[in-house]
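Here is what each chain is made of, one letter per residue.
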Amino acid sequence: MFEDLAKVGRYLGQAARLMVGVPDYDTYVQHMRLTHPDQKVMSYEEFFRERQEARYGAGGGRCC
């Protein structure tokens, strides 16, 4: 039962982070290790910067 509650908590946390635009680094690391073991895993700072650039564009330019 506690495992199910922990799993629900993780999913809710991930969903909340995605809704506000905060990338999930742990999910990225797990994906890279399982799917792309030959590629370098970005540090958290590199990952966060890359996600920001992907979302807002290079340089973080905004219209307003």
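Look a little higher up for the structure.
For the structure given in this document, a descriptive report is provided here. (Residues numbered from 1 in each chain as written. Predicted model: local features only at pLDDT ≥ 70, side-chain atom pairs only at ≥ 80, totals over all residues. Heavy atoms only, no water.)

Below, the discussion takes up the overall build of the chain. When helices and strands are counted, the chain shows three helices and zero strands. Ordered by position in the sequence, the α and β elements of the chain form the string α-α-α. Buried residues in the chain amount to 11% of all 64 residues. When the accessible surface of the chain is totalled, it reaches about 5,600 Å², and 58% of it is carbon and sulfur. (Helix = DSSP H or I, 4+ residues; strand = E, 2+ residues; numbered from the N terminus. Buried < 20%, exposed > 50% of the residue type's maximum accessible area, 1.4 Å probe, protein only. Areas by Shrake-Rupley, 256 points an atom, 1.4 Å probe, with all protein chains shown as cover.)

The next thing to look at is the pattern of salt bridges. For the coordinates displayed, the defined rule picks out two salt bridges. Note that Glu 46 is salt-bridged to Lys 40, the shortest N-O span being 3.3 Å. Glu 46 sits in the partly exposed class, given a relative accessible area of 29%. Here Glu 50 and Arg 51 are joined by a salt bridge, their closest N and O atoms 2.8 Å apart. (Salt bridge = Lys/Arg side-chain N within 4 Å of Asp/Glu carboxyl O.)

With respect to the element layout, Asp 26 can be found in helix H2 (residues 25–35). The class of Asp 26 is exposed, set by a relative accessible area of 60%. Sequence spacing of Asp 26 and Tyr 44 is 18 residues, and the spatial spacing of their C-alpha atoms is 9.2 Å.

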